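One letter stands for each residue in the lines below.
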Amino acid sequence: KNEVEQSPQNLTAQEGEFITINCSYSVGISALHWLQQHPGGGIVSLFMLSSGKKKHGRLIATINIQEKHSSLHITASHPRDSAVYICAVFSRVWGGGADGLTFGKGTHLIIQP
Amino acid sequence: DTAVSQTPKYLVTQMGNDKSIKCEQNLGHDTMYWYKQDSKKFLKIMFSYNNKELIINETVPNRFSPKSPDKAHLNLHINSLELGDSAVYFCASSHRGLAPSYNEQFFGPGTRLTVL
């Protein structure tokens, strides 16, 4: 079974700072999700990666398949970026031939004005 | 237009009752999932359905049963509710293909279940 570790668990930063959240997993995967969950509770998919790097606005996600590691970066952070960021990996073969998402425990990010 | 919808948004009930949560997706996806988010905010998969066939059943009590009348709907039935079932339940959907790009998941808004 895949183990997904995220760091840090909690992060408080000042507005404008560059933010990095890291994710490591133990078993080879077909794709990795970065998800955002706001205090209201809804979950939004930010990125899905299977290789390389993706950028959307101020958000950048990278993945290194060989090292089993991904990072989510936020440039010019803003208080509205405050949320829980969750890494989730999708394995085609997992738990007896089935597949699905395995989640990290999330990183609680607070951006102060 | 809501891509993945769930009803109800909140559900408060007594121990021992039977309840259902409904999920519908209008994205044309062929796979739907149920996830449970516990009090520590940790998400864990419960079930997935692909073309009306159960393909995951992760160590979930048999009091929980998914029912899919068609590939746009996956309802979650819970019998004999227990205090420990209190959580937020999320429905999601995706394509299930060989290419990873097909597997992006879209989540519903969640159903907060409170068992008293």
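In the block above lies the structure referred to throughout.
Keep in mind that what you see is a predicted model, and the values were worked out from it rather than measured.

A description of the overall build of chain A should follow, citing residues and the corresponding values.
Broken down by element type, chain A carries zero helices and eleven strands. Its C-alpha atoms give chain A a radius of gyration of 14 Å, within 12% of the compact-globule value 13 Å for 113 residues. With respect to the three principal axes, the spread of C-alpha positions in chain A is 45 × 30 × 20 Å. Long-range pairs, those at least 24 residues apart, make up 55% of the contacts in chain A with a sequence separation of at least 6. Accessible area of chain A: about 5100 Å², with a carbon and sulfur share of 51%.

Could you give an account of the overall build of chain B, with specific residues and numbers?
Within chain B, the secondary structure is distributed over zero helices and eleven strands. Along chain B, helices (α) and strands (β) appear in the sequence β-β-β-β-β-β-β-β-β-β-β when read from the amino end. Relative to the globule expectation of 13 Å for 116 residues, the C-alpha radius of gyration of chain B, 14 Å, shows essentially globular dimensions. Counting the 116 residues in chain B, one finds 46% classified as buried. Sequence-distant contacts, at least 24 apart, represent 55% of the contacts inside chain B between residues at least 6 apart. Counting every atom, chain B has about 5800 Å² of accessible surface; 50% of that belongs to carbon and sulfur.

Which residues make up the sheet that holds strand β3 (residues 19–25) of chain A, and what are the values?
All names here are of chain A. The strand order across the open sheet formed by five strands is β1-β3-β8-β7-β6, and the pairing between neighbours is antiparallel. Each having just a single partner strand, β1 (4–7) and β6 (52–56) make up the two edges of the open sheet. Neighbour-to-neighbour, the strand axes of this sheet turn through a mean angle of 15°, independent of strand direction.

Tell me about the nonpolar core, residues and numbers included.
Generally speaking, nonpolar side chains in soluble globular proteins are found buried as a group. In this structure, A:L32, A:W34, A:L72 and A:Y85 are the most contacted members of the largest nonpolar core, which totals 23 residues. For this core, the secondary structure elements donating two or more residues are β3, β4 (31–37), β5 (43–49), β7 (59–64), β8 (69–74), β9 (83–94) and β11 (107–112) of chain A.

Let's hear about the sheet that holds strand β1 (residues 4–7) of chain B: which residues, and what values?
Strands pair in a sheet through their backbones, by hydrogen bonds, and they do so in one of two ways: parallel or antiparallel. All names here are of chain B. Overall, antiparallel pairing links the four strands, which are arranged β1-β3-β8-β7 in an open sheet. Pairing within the sheet leaves two strands with one partner each, and these edge strands are β1 and β7 (64–70). Shown here is a sheet whose adjacent strand axes are inclined to one another by a mean of 20°, direction ignored. Note that β1 and strand β3 (residues 19–25) share four bridges and pair antiparallel. Pairing of Q6 across the sheet is with C23, part of β3.

Got a sec to walk through the pairing of β7(A)? Specific residues and values, please.
Successive side chains on a regular strand alternate, one facing one side of the sheet and the next facing the other. Residue and element names in this part refer to chain A. Of the strand pairs in this sheet, β6 and β7 are connected by five bridges, and their pairing is antiparallel. Looking at the pairing, K55 lines up with I60 of β7. With six bridges connecting them, β7 and β8 associate as antiparallel partners. In the sheet register, N64 faces β8, and the bridge partner there is H69.

Describe the side chain of B:N50, listing the residues and the values that go with them.
All names here are of chain B. The topology assignment puts N50 in strand β5 (residues 43–50). Judged by its relative accessible area of 13%, N50 falls in the buried class. Separated by 2.8 Å, the side chains of N50 and T31 make a polar contact.

Requested: an account of empty space enclosed by the protein, with residues and values cited.
Residue and element names in this part refer to chain B. Here the structure, examined in full by the defined rule, presents one cavity of 30 Å³ or more. What the largest cavity holds in volume is close to 40 Å³. For the lining of the largest cavity, the secondary structure elements donating two or more residues are β4 (31–37), β5 and β8 (73–78). In terms of residue class, the lining of the largest cavity is built from three nonpolar, five polar and three charged.

Could you give me a rundown of the pattern of salt bridges, with the residues and numbers involved?
Within this structure, the stated rule accounts for three salt bridges over all chains. Between A:R58 and A:D81 there is a salt bridge, with its nearest N and O atoms 2.8 Å apart. Here A:D81 lies in the loop between β8 and β9 and A:R58 lies in the loop between β6 and β7, a separation of 23 residues in the sequence. What makes A:D81 buried here is its relative accessible area of 7%. Taking the shortest distance from any N to any O, the salt bridge between B:R63 and B:D85 comes out at 2.8 Å. Here B:R63, found in the loop between β6 (53–57) and β7, pairs with B:D85, found in the loop between β8 and β9 (87–94); they are 22 residues apart in sequence, far enough to count as distant.

Calculation notes
Residues numbered from 1 in each chain as written. Chains lettered and ligands numbered in written order. Predicted model: local features only at pLDDT ≥ 70, side-chain atom pairs only at ≥ 80, totals over all residues. Heavy atoms only, no water. Helix = DSSP H or I, 4+ residues; strand = E, 2+ residues; numbered from the N terminus. Rg over C-alpha atoms; globule rule 2.2 N^0.38 Å. Contact = heavy atoms within 4.5 Å. Areas by Shrake-Rupley, 256 points an atom, 1.4 Å probe, with all protein chains shown as cover. Buried < 20%, exposed > 50% of the residue type's maximum accessible area, 1.4 Å probe, protein only. Pairing = 2+ DSSP bridges. Axes fitted to C-alpha atoms, helices over the stretch in contact; angles between N-to-C directions. Core = buried A, V, L, I, M, F, W, Y, C linked by side-chain atoms within 4.5 Å. Polar contact = N/O pair within 3.5 Å; in protein donor to acceptor, adjacent residues only side chain to side chain. 1 Å grid on protein atoms, 1.4 Å probe; cavity = no way out; pocket = protein on both sides within 12 Å on 5 of 7 lines; lining within 4 Å. Points joined across faces, edges and corners; volume = space filled by probe spheres on them. Nonpolar A, V, L, I, M, F, W, Y, C, P; charged D, E, K, R; others polar. Salt bridge = Lys/Arg side-chain N within 4 Å of Asp/Glu carboxyl O.

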